[in-house]
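Listed below are the residues making up each chain.
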Amino acid sequence: MEADSRSEEEGAELLAQLGYAVAGAGYPRGLTPAQWAALRYLSRANRFSRTVSAFAEFHATTRGTASQTVQRLVDRGFVQKNPSAVDGRSIRLDLAKKGRDTLEDDPLSDLVAAFRSLQPAVRARFVRTLKELVARLSQVRGGRSFGTCPACLHFDCDGRCTGDSAECWCNLFEQPLDVAETDELCVNFEPAN
Ligand code: SF4
């Protein structure tokens with residue numbers, strides 16, 4: 001009973017410990033942890049979500065801080081700014097080749113390898129649990145919960161998402177979706193139930 005009452009704090013402390021381990025990897029390639037986080041985010045986010053404000057939401061930081069982080073990456077050639085195809089007034093952020101190449105050397109790779117060493121079923125359960133924790137924390141703090149198309153209220157696939165054709169549809173943006181895009185993170189995700 002005593003162990004149970006302590007498990008919440010222990011879980012939070014262990015997650016924080018993992019965070020310190022990641023932050024303690026230093027500044028490889030001269031990039032700060034926030035800049036690494038931005039590169040990772042841009043490699044995972046869909047075209048509707050590769051914006052400064054969406055990254056700010058994801059990284060739980062202010063728009064100003066996120067903007068500085070991104071601008072430094074743009075200045076150093078890791079990220080490119082392009083006009084948004086959805087909204088002509090917005091800027092979409094895309095990883096440049098230098099950014100994609102740099103992610104091959106991600107300091108998070110040690111943690112990825114540790115994850116890989118877990119049994120697949122344990123790993124899958126852990127990832128589900130972490131996603132739930134992130135969503136609950138975001139809810140408590142009034143933030144958005146990111147997710148992917150298959151579990152989204154706005155997704156219209158009707159079982160046609162196979163092969164390479166763009167047969168999936170986003171009802172929110174009224175845009176077709178490539179199959180590969182449906183696995184990318186979206187800031188406009190809303191759980192289907
Ligand atoms: S279906 Fe949902 S998750 Fe997919 S692009 Fe549209 S809003 Fe985003």
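Before any of the text, the structure's been laid out above.
I will try to describe carefully the structure that is included in this document. This structure is a prediction, so every number in the text was calculated from the model and none was measured.

## Structural notes on the site of the ligand
Step number 1: Neighbouring the ligand are Asn46, Phe48, Cys149, Cys152, His154, Phe155, Cys170, Leu172, Cys186 and Asn188.
Step number 2: Here the shell around the ligand is composed, by residue class, of seven nonpolar, three polar and no charged.

## Focus: the packing of aromatic side chains
Step number 1: Throughout the structure, instances matching the rule amount to six aromatic pairs.
Step number 2: Here the aromatic rings of phenylalanine 48 and phenylalanine 173 are separated by 4.0 Å at their centres, their planes lie at 10 degrees, and the arrangement is stacked. With a gap of 125 residues between them, phenylalanine 48 in the loop between helix H2 (33–44) and helix H3 (52–58) and phenylalanine 173 in the loop between strand E4 (168–170) and strand E5 (175–177) connect regions that are remote in the sequence.
Step number 3: Residue phenylalanine 173 is classed as partly exposed on the basis of its relative accessible area, which comes to 22%.
Step number 4: In this structure an aromatic cluster arises from ring pairing among Tyr41, Phe55, Phe58 and Phe146.
Step number 5: When the ring centre of phenylalanine 78 is taken as origin, the NZ or CZ atom of lysine 98, which lies over that ring, is 4.5 Å away.

## Quick look at the pairing of strand E2 (residues 91–95)
Step number 1: Most of E2 is tucked away, with four of its five residues classed as buried.
Step number 2: Of the strand pairs in this sheet, strand E1 (residues 79–83) and E2 are connected by five bridges, and their pairing is antiparallel. By the bridge assignment, valine 79 is partnered in E2 with leucine 95.

## Things to note about the packing of H2 against helix H4 (residues 63–75)
Step number 1: Two elements in contact, H2 and H4, have axes separated by 10 Å at closest approach and are oriented at 80 degrees. Looking at the two axes, H2 sits roughly perpendicular to H4. Facing H2, whose interface residues are Ala34, Gln35, Ala38 and Leu39, H4 presents Thr69, Arg72 and Leu73.
Step number 2: Class assignment of the residues belonging to the contact of H2 with H4 gives a composition of four nonpolar, two polar and one charged.

## Some details on the sheet that holds strand E3 (residues 155–156)
Step number 1: The three strands lie next to each other as E3-E4-E5, forming an open sheet whose pairing is antiparallel. The two strands at the open ends of the sheet, each matched to only one other strand, are E3 and E5.
Step number 2: Direction of pairing for E4 relative to E5: antiparallel, over a ladder of three bridges. Note on E5: the bridge partner recorded for tryptophan 169 is proline 176.

About the criteria used
Residues numbered from 1 in each chain as written. Predicted model: local features only at pLDDT ≥ 70, side-chain atom pairs only at ≥ 80, totals over all residues. Heavy atoms only, no water. Near = heavy atom within 4 Å. Nonpolar A, V, L, I, M, F, W, Y, C, P; charged D, E, K, R; others polar. Phe/Tyr/Trp six-rings, centres within 6.5 Å; stacked < 30°, edge-to-face > 60°. Helix = DSSP H or I, 4+ residues; strand = E, 2+ residues; numbered from the N terminus. Buried < 20%, exposed > 50% of the residue type's maximum accessible area, 1.4 Å probe, protein only. Lys NZ or Arg CZ within 6 Å of the ring centre and 35° of its normal. Pairing = 2+ DSSP bridges. Axes fitted to C-alpha atoms, helices over the stretch in contact; angles between N-to-C directions. Parallel < 35°, antiparallel > 145°, perpendicular 65-115°, else oblique. Contact = heavy atoms within 4.5 Å.

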